[in-house]
Structure formats: C-alpha cells, structure tokens
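Results of the structural survey
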Amino acid sequence: MSYAEVYDSWKSDPEGFWMKAAQGISWFKPPSKALFDENAPIYEWFADAEVNTCYNAVDRHVEAGNGMRTAIIYDSPVTHTKHSISYAELQTRVASLAGALRAKGVEKGDRVLIYMPMVPEAIEAMLACARLGAIHSVVFGGFAANELAVRIDDAKPKAIIAASCGIEPNRVIHYKPLLDGAIDLAGHKPDFCVIFQREQEVAHLQEGRDFSWHAFQYGVEPAECVPVAGNHPSYILYTSGTTGQPKGVIRHTAGQLVALDWTMGAIYDINPGDVFWAASDVGWVVGHSYIAYGQLIHGATTIVFEGKPVGTPDAGTFWRVIEEYGVKALFTAPTAFRAIKREDPKGELIKKYDLSKFKTLFLAGERADPDTIVWAQSKLGVPVIDHWWQTETGWAIAANPMGIEPLPVKLGSPSVPMPGYDVHILDEGGHEVKTGEMGAIVIKLPLPPGTLPNLWNAQERYHCAYLNTFPGYYETGDAGYKDEDGYLYIMARTDDVINVAGHRLSTGAMEEVLASHNDIAECAVIGVADALKGQLPLGLLCLNAGCERDDADIIKDVIKLVRNKIGPVAAFKLAVVVDRLPKTRSGKILRATMVKIANGEDYKAPATIDDPAILDEITTALAAIGYPGS
Ligand code: COA
Ligand code: AMP
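Residue positions are given per chain, counting from 1 as you read along its sequence in written order. The lettering of chains begins at A and the numbering of ligands begins at 1, in the order of writing. Per-residue local features of the predicted model are confined to residues with pLDDT of at least 70, and side-chain atom pairs are confined, for both listing and counting, to 80 or more; whole-chain, interface and lining totals are unaffected and use all residues. With hydrogens and water set aside, each side-chain value is computed from the structure's full complement of heavy atoms.

On to the overall build of the chain, then. Along the chain, the regular secondary structure elements total 17 helices and 31 strands. Reported as C-alpha extents along the three principal axes, the dimensions of the chain are approximately 70 × 60 × 55 Å. Throughout, exposure labels follow a simple rule: accessible area from a 1.4 Å probe, protein chains only, divided by the maximum for the residue type, with under 20% read as buried, over 50% as exposed, and the rest as partly exposed. Across the 630 residues that make up the chain, the buried fraction comes to 59%. When checking whether two residues touch, look at their non-hydrogen atoms; a contact exists if any pair is within 4.5 Å. The long-range fraction of contacts in the chain, counting pairs at least 24 apart against all pairs at least 6 apart in sequence, stands at 70%. The Shrake-Rupley method, run with a 1.4 Å probe, gives the accessible areas here. Residue values count only the displayed protein chains as cover. Split by element, the accessible area of the chain, about 23800 Å² in all, is 51% carbon and sulfur. Helix and strand definitions here come from DSSP, where helices need a minimum of 4 consecutive H or I residues and strands a minimum of 2 consecutive E residues; each element is numbered from the N-terminal end.

Rendered as structure tokens:
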C-alpha cells in the first residue's frame with residue numbers, strides 16, 4: 001500500500017486501523033474497542049484491555065524462542081566498556097530488580113523516579129517498573145538538584161533509582177550528591193533509594209534509606225508481569241513549558257505499546273532482530289520511545305551509547321558503532337551532525353568504516369537545517385529523514401514512512417502527517433490559512449494512541465496549555481505551513497520554549513532564576529541562533545537602581561545561578577546588562593523583536609511599542625557582545 005492509501009485507510013476507519021495495529025501486541029485481555037471518547041476532550045485508547053509493557057518488551061520474545069537474541073548493546077567510549085544483553089538475560093535481570101522493588105513495597109500505580117546516565121541499568125529500571133505496573137519518571141542527568149526536587153514533589157515517588165555517577169567527557173557528574181541535595185530540597189521524601197554503584201565513583205549510602213543495586217536484589221523472589229489496564233499510566237515525563245514548573249506528560253500503557261510497535265515497521269522500517277540506534281538519552285522522550293521501548297516491544301535490538309558524537313574519542317565514533325553492530329537505522333538530533341561536520345567537514349572518517357548495513361538516518365528534536373541534511377546525504381549515501389514530534393506525542397506527527405513508502409525528501413520539511421494525525425494550520429482566529437501561509441500548527445482531536453492523554457495531576461493546565469486556544473484541536477506550540485503536496489514545514493515555537501542542542505528548554509524558567517538575583521530588577525531570556533546548537537539562551541538584565549556592582553560580576557553570578565538551579569544542560573552562558581527592556585504599551589516584553597535583532601534579521605517595531613528608542617539601545621548592547629554574529 002502507498003502512504004496515501006495507508007493514511008486514507010486510517011482517516012476513513014480510525015477504529016479499524018488501530019484495532020488492526022493492536023494485533024502486534026500480546027494482551028492478557030484484548031481491548032473491546034480502540035477509542036474511548038466518553039470523557040471528550042479527554043480521550044483514551046484501548047482502556048478496557050489488560051496488558052503489561054515489560055511482558056511485551058521482554059518475556060514474550062523469550063517465550064517465542066528468541067531469548068538468545070540481543071536486546072541491548074551497551075557501548076560506552078567514556079568508560080571503555082562494551083557488552084550485550086540477550087532477551088533471556090534481560091528477563092532475568094528485570095524480574096530480579098522488580099522482585100526487589102516489590103519486596104520493599106513498590107506496587108502498581110506507585111511512582112518511581114529514575115535518575116541515571118546512559119547505562120543499560122537505566123532501561124532495566126524502567127522495565128522493572130513496567131513489570132510491576134509502577135509508573136516511572138526518568139529525569140535527565142544534566143538537570144540540577146533543584147529541578148530534580150521539583151519533579152520529586154510533583155510525582156511523589158515511593159522510590160528513587162539512581163546511579164552513583166554519570167560520565168561526561170570532561171568530568172564525572174556526581175549523581176548521588178545531586179540526589180541527596182534534591183531530596184533535602186523536596187517536601188516529599190521517598191521511602192527508599194536504590195543506587196547503582198559505578199566503579200568510576202562509589203557513592204556514600206545513607207543507612208536505612210539507600211540500598212545498593214546488587215545487594216538489594218540478593219535472595220529476592222523474581223517478579224512476574226502484573227497485568228494493568230490499557231489506560232494505566234506507564235510513565236510521567238516532565239518537559240519544559242512556559243513557566244518554571246515543568247509539565248508532567250503522561251503516557252498510557254496500551255496506546256504506547258500499539259503506537260510504538262506500529263512505528264517501528266511503518267516509519268523506521270525495522271524488523272525483529274534488526275539493530276536500531278537512537279543516539280539520544282533515556283531522559284528525553286526519544287530515549288523513552290526509541291532507546292528503551294520501541295525496539296524491545298518489536299523484538300529488535302537497541303543500543304545504549306554513553307558518549308558524544310565528537311570527542312569520544314573523535315567524530316568517527318558514530319560510524320564505528322554503526323559498523324561494529326550492523327546498525328540498520330540511526331536516529332539523532334541535527335545538532336549531533338553539525339558537531340560531526342564541524343570536526344570532519346570532508347567526512348574523511350566516514351570512509352574508514354563499512355556502513356553497508358546502514359540504510360537510513362532519521363533526524364528530529366529540532367529543525368533540521370538543509371545544509372546539514374545535504375551534507376549527511378552526500379557523505380553517507382543513504383536517505384536522511386527529518387521527522388517532527390514532541391514529548392507530548394511520543395512518536396512522530398510527521399515523517400517520511402520508510403516502511404510504507406519512501407516519499408521524495410523535501411529539504412526543510414519533516415514530510416507528511418502520519419496516520420492518526422489530522423494536521424491543520426490555523427490563524428489566530430482559528431481559521432484555516434491558505435497553502436503556503438504560516439500559522440499555528442494544530443491537530444484535530446482525538447490525538448492517536450501513544451500520545452499524552454493528560455498531564456500528571458494537572459488537568460486544568462492540560463486544557464489551558466493544549467486545548468483551549470483552538471477548541472476541538474490540540475495546539476502543538478509550533479508554527480509553520482503546509483505546501484501544495486501536503487508537506488509540513490515547522491518554523492518556530494509560538495511559546496517561550498527554545499531548543500538548545502535538541503534539548504527543549506523554557507526561557508520562562510530561566511527568567512525566574514535570573515529574577516531571583518538580588519541585583520536584578522527585570523530580565524528577559526531569548527533564544528538566539530547558534531551554528532552548532534541551533535539556539536542558545538541569552539539573558540538581558542536590568543539592574544536595580546543604585547546597584548554599584550560590576551556588570552561582569554553580576555553576569556558571572558547569573559550564569560552560575562542558572563547552572564546550579566536548572567543545570568548545565570541549559571547551556572546558559574550569554575548575558576548582557578541593559579537599561580531598559582522594549583515593551584508594548586500594555587507591558588509585554590518584545591522578546592521576538594529582540595531575537596530578530598540578535599540574529600540580524602529584518603524587523604519592524606510593533607505598532608504597540610511603548611518606546612521605539614529602546615530597540616536602538618538593545619541593538620547597541622547586543623553588538624557589544626558580538627550579536628548579530630557573522
Ligand atoms: N549529565 C550531566 N551533564 C550533561 C549531560 C548529562 N547527561 N548532558 C549534557 N550535559 C552538560 C554538558 O557536559 C555541558 O556542560 P558544560 O557546560 O560544562 O560543557 C552542558 O550540559 C551542555 O550540554 P550540550 O548542550 O549537550 O553541549 P555539549 O557541548 O556537551 O555537546 C553536542 C554538544 C552537540 C555534542 C551534544 O549536544 C549532542 O550530542 N547533542 C545530541 C542531541 C541529543 O542527543 N538530543 C536529544 C534529543 S534527540
Ligand atoms: P521535545 O518535546 O523535547 O521533543 O521538543 C519538541 C519540539 O522540538 C517541537 O515542538 C518542535 O518545536 C521541535 N522539533 C522537534 N522535532 C522537530 C523537527 N523535525 N523540525 C522542527 N522542529 C522540531
């Protein structure tokens with residue numbers, strides 16, 4: 001079937017389409033129907049089924065006689081370690097960890113926070129939770145203690161599973177002190193913590209509260225898979241919104257299973273036994289869907305790579321991994337390719353490796369700039385597929401479905417909507433814009449299986465953030481247009497979210513941190529264009545009257561403050577002191593205009609501007625720190 005036929009078959013019979021996709025999943029009790037819309041606009045999928053994610057990702061493959069197949073390949077250039085875990089080994093390890101968690105009281109519905117680097121134990125921890133029906137919430141290692149504390153207070157975990165440390169190329173990340181600090185800061189305290197002691201740094205364990213990963217499993221009864229309802233939350237993943245309080249995106253069990261299983265074949269063209277590598281981190285949605293779950297549900301092989309595209313040890317690392325494990329498809333963020341291209345512009349290192357098994361490169365997480373795509377196409381000689389999705393959707397809204405029908409690639413476009421997504425471009429008044437015209441990108445409700453049904457403990461916020469602006473539609477927060485062939489172009493965010501090295505960050509959250517500094521009266525954070533990371537945050541600071549401290553000292557302070565409060569991942573290293581911020585007459589800061597000035601783009605002062613002269617002051621201040629750059 002062609003893409004158009006598949007998409008039409010979904011559109012004409014969504015119920016039939018998803019019930020058919022559901023046949024890829026092993027149910028304890030099959031669903032009686034796909035969509036549950038009784039509480040619209042809150043929609044659920046396969047709600048009355050009984051199922052278990054870990055059973056589908058692990059046990060069923062062993063039962064089918066594929067226990068010796070490789071489930072996880074661990075490749076860690078930063079610790080010089082490599083090993084593989086078969087499905088049978090994974091089953092033993094996960095059942096044992098789940099048994100130990102159960103022995104300490106973790107049950108269906110309990111939350112377990114996971115704070116781990118890129119080691120296979122992170123996936124085992126996720127699967128152990130899934131085995132028990134516990135709801136995991138993985139927190140990315142690059143966040144500081146304060147961010148971890150915010151998530152602990154929101155998810156209220158019974159247990160926290162962490163590693164003693166993470167390894168960045170230039171330093172060891174002391175996870176355990178960060179965790180201890182976060183638990184001190186948080187109002188909610190977990191009953192216990194499980195610490196995976198790494199040989200690079202053994203952490204101090206707090207008597208009575210902390211248990212070591214191995215000792216804690218000694219002599220426990222392995223746990224079986226606990227059936228859960230189709231609409232049981234499988235995880236909470238926090239993502240940046242407009243404010244400092246992150247949004248807890250929920251994923252339901254059955255929808256996630258059906259959708260991810262479907263995407264493995266249809267979008268990524270991955271069959272059971274194939275090796276599919278997503279070079280991301282388990283702390284992000286890409287890591288949830290395509291490091292931890294998608295491959296395993298589908299009986300394929302996943303890679304846990306603890307390294308960077310460059311510097312571990314060089315820009316040839318990706319090609320080495322592809323050759324060594326026979327990777328069929330790689331999924332990463334464009335920024336990784338920009339980093340590689342910068343180090344090895346001629347692609348000399350690529351020639352050193354046998355990439356004959358490599359079929360497709362998938363990019364997502366940020367806009368894929370045409371230069372990077374063209375470079376990758378010419379150097380790798382395989383299709384380079386941009387696809388667009390979000391933490392909220394859990395899988396691609398728009399893609400080029402390599403397992404259905406590879407469509408012509410159009411540079412700058414993540415191609416066409418996937419079945420399940422009826423994508424529209426609306427103007428501010430909620431009217432459909434013309435082909436080629438920019439507008440807010442929205443999706444007609446219901447969203448398909450595997451997307452967010454709600455926010456954790458924040459239904460009102462769910463409505464406000466996603467459903468209220470355009471009734472009947474889900475607001476993606478992205479702006480863009482559709483061309484005459486139905487290809488989508490994702491051009492910008494409509495909110496205060498920026499994308500730094502494929503990491504989604506909130507400028508609002510950074511502003512809250514800056515504003516907490518004693519000498520700062522007012523501030524704004526904007527995302528300025530960066531050749532490597534796509535965007536970088538830049539702070540504009542107005543100081544309190546009478547402040548006599550040196551601007552440079554205050555800038556140093558705030559850079560440290562953001563690193564300590566949000567974390568190094570914020571990559572906040574640019575700030576400038578200004579006298580005033582440009583605003584509308586109603587007091588709204590003109591961030592978008594300042595972005596244009598910093599990027600050297602043409603701009604027109606909005607008619608509602610309070611004092612146009614401030615824009616000249618901003619231009620001068622930005623020029624003093626090198627913006628716009630060359
Ligand atoms: N734990 C702790 N700290 C982390 C971290 C982690 N898991 N990941 C990143 N950091 C730190 C980095 O060490 C860096 O610290 P520094 O300011 O001391 O240098 C900071 O956070 C910013 O990280 P990053 O923006 O990633 O920059 P980088 O210079 O370390 O690496 C790239 C640049 C392009 C190589 C890197 O961003 C990359 O590989 N990106 C791939 C994108 C990706 O995986 N996206 C996920 C969505 S698909
Ligand atoms: P995250 O939730 O971290 O995955 O970030 C999602 C956001 O990243 C989207 O809403 C977009 O703004 C941006 N994004 C992700 N993929 C793409 C893409 N292929 N093209 C353009 N923007 C993208």
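This paragraph deals with the site of ligand 1. Contacts to ligand 1 come from 22 residues, most closely from Glu168, Pro309, Lys533, Arg563 and Lys573. We define a polar contact as two N or O atoms separated by no more than 3.5 Å, with the added condition that, inside protein, one atom must be a possible hydrogen donor and the other a possible acceptor, whereas residues neighbouring each other in sequence contribute only through side-chain atom pairs. Glycine 142 places a polar main-chain atom, nitrogen or oxygen, 3.4 Å from a nitrogen atom of ligand 1. Here an oxygen atom of ligand 1 sits 3.5 Å away from a polar atom, N or O, in the main chain of valine 569. Coverage of ligand 1 by the protein chains reaches 86% of its 940 Å² of free accessible surface. When the residues that make up the shell around ligand 1 are grouped by side-chain class, the tally is 10 nonpolar, 6 polar and 6 charged. Any residue with a non-hydrogen atom lying within 4 Å of a molecule or strand is treated as near it. Amino acids outside the nonpolar list (Ala, Val, Leu, Ile, Met, Phe, Trp, Tyr, Cys, Pro) and the charged list (Asp, Glu, Lys, Arg) are all regarded as polar, and Gly is one of them.

The aromatic pairing rule takes the rings of Phe, Tyr and Trp, using the six-membered ring of Trp, and pairs them if the centres are within 6.5 Å, calling planes under 30 degrees apart stacked, those over 60 edge-to-face and the rest tilted. Applying the stated rule across the entire model yields 37 aromatic pairs. Judged by centre distance (4.9 Å) and plane angle (35°), the rings of tyrosine 268 and phenylalanine 276 are tilted. Judged by its relative accessible area of 1%, tyrosine 268 falls in the buried class. Taking the centre distance of 6.4 Å and the plane angle of 80° together, the rings of phenylalanine 318 and tryptophan 319 count as edge-to-face. Here the two residues phenylalanine 318 and tryptophan 319 agree in accessibility, since each one is buried. Taken together, Phe17, Trp18, Trp27, Trp45, Phe46, Trp262, Trp395 and Tyr421 form an aromatic cluster joined through their ring pairs. Taking NZ or CZ as reference, arginine 151 lies 4.6 Å from the ring centre of phenylalanine 143, over its face. Our definition puts a charge over a ring when NZ of Lys or CZ of Arg is within 6 Å of the ring centre and also within 35 degrees of the ring normal. Above the plane of the ring of tyrosine 487 lies lysine 410, whose end atom (NZ or CZ) is 4.6 Å from the centre.

Moving on: the side chain of serine 289. Residue placement: serine 289 occurs in helix α9 (residues 285-297). Since its relative accessible area comes to 1%, serine 289 is described here as buried. Non-local contacts of serine 289, meaning those with residues more than four positions away in its chain, are made with Leu260, Gly294, Gln295, Trp389 and Gly394.

Quick look at a nonpolar patch on the surface now. Patches were defined on residues exceeding 30% relative accessible area and lacking a salt bridge, with like-charge contacts within 9 Å and nonpolar side-chain contacts (Val, Leu, Ile, Met, Phe, Trp, Tyr) within 5 Å. Only one rule defines a salt bridge in this text: a Lys or Arg side-chain nitrogen within 4 Å of an Asp or Glu carboxyl oxygen. A cluster of nonpolar side chains, Val374, Val409 and Leu411, forms an exposed patch at the surface whose accessible area comes to about 210 Å². Note that valine 374 resides in helix α12 (residues 370-380). Among the residues examined, valine 374 registers a relative accessible area of 39% and is labelled partly exposed.

Residues in contact with ligand 2 amount to 15 residues; listed here are only the nearest, His387, Thr391, Asp478, Arg493 and Arg504. Between ligand 2 and glutamate 366 there is a distance of 3.4 Å, counted from a nitrogen atom to a backbone nitrogen or oxygen. Taking glutamine 390, its side chain carries an N or O atom lying 3.0 Å from an oxygen atom of ligand 2. The protein chains hide 92% of the 490 Å² of surface that ligand 2 would expose on its own. Here the shell around ligand 2 is built from residues that sort into 4 nonpolar, 5 polar and 6 charged.

What follows deals with the pattern of salt bridges. Taken as a whole and assessed by the stated rule, the structure comprises 31 salt bridges. The salt bridge partner of aspartate 75 is arginine 320, with a shortest N-O separation of 2.8 Å. Linking aspartate 75 in strand β4 (residues 70-76) with arginine 320 in helix α10 (residues 317-325), this pair joins segments that are 245 residues apart in sequence. Residues lysine 328 and aspartate 274 are paired through a salt bridge, measuring 3.0 Å at the closest nitrogen-oxygen approach. Of this pair, lysine 328 sits in the loop between α10 and β18 (329-332) while aspartate 274 sits in the loop between α8 (253-266) and β16 (275-278), placing them 54 residues apart in sequence. You'll find lysine 328 and aspartate 274 in the same group, each marked buried. Linked by salt bridges that have partners in common, Asp75, Lys82, Arg320 and Glu324 make up one network.

With that settled, consider the sheet that holds strand β25 (residues 473-482). We treat two strands as partners when DSSP finds at least two bridges between them. The 4 strands lie next to each other as β23-β24-β25-β26, forming an open sheet whose pairing is antiparallel. In this open sheet, the two strands that pair with only one neighbour each are β23 (423-426) and β26 (488-493). Mean inter-strand twist for the sheet, computed between neighbouring axes without regard to direction, equals 50°. Of the strand pairs in this sheet, strand β24 (residues 439-444) and β25 are connected by 5 bridges, and their pairing is antiparallel. Bridging from a neighbouring strand, alanine 440 pairs with alanine 479 of β25. Comment: axis = line fitted to C-alpha atoms, over the contacting stretch for helices; angle = value between 0 and 180 degrees taken between N-to-C directions.

Looking now at the sheet that holds strand β17 (residues 301-305). If you walk across this open sheet you meet the 7 strands as β5-β4-β17-β16-β18-β19-β20, and the pairing is mixed. Each having just a single partner strand, β5 (81-86) and β20 (384-386) make up the two edges of the open sheet. Taken pair by pair, the neighbouring strands of this sheet meet at an average axis angle of 20°, ignoring direction. Bridging between strand β19 (residues 360-363) and β20 involves 3 bridges; their strand directions are parallel. Pairing of leucine 361 across the sheet is with valine 384, part of β20. Packing against the sheet, α10 makes contact with β4, β5, β16, β17 and β18, and its axis sits at approximately 150° to β17.

With that settled, the discussion passes to the packing of helix α4 (residues 87-103) against helix α5 (residues 120-132). Two elements in contact, α4 and α5, have axes whose closest approach is 8 Å; the angle formed by their N-to-C orientations is 60°. Regarding α4 and α5, the two cross each other, and that crossing is right-handed. Contacts between α4 and α5 involve Leu90, Gln91, Arg93, Val94, Ala95, Leu97, Ala98, Leu101 and Arg102 on the former and, on the latter, Glu121, Glu124, Ala125, Leu127, Ala128, Arg131 and Leu132. Grouping the constituent residues of the contact of α4 with α5 by class yields 10 nonpolar, 1 polar and 5 charged. Take the far helix as the reference: if the near one is turned anticlockwise from it by less than a right angle, the crossing is left-handed, and if turned clockwise, right-handed.

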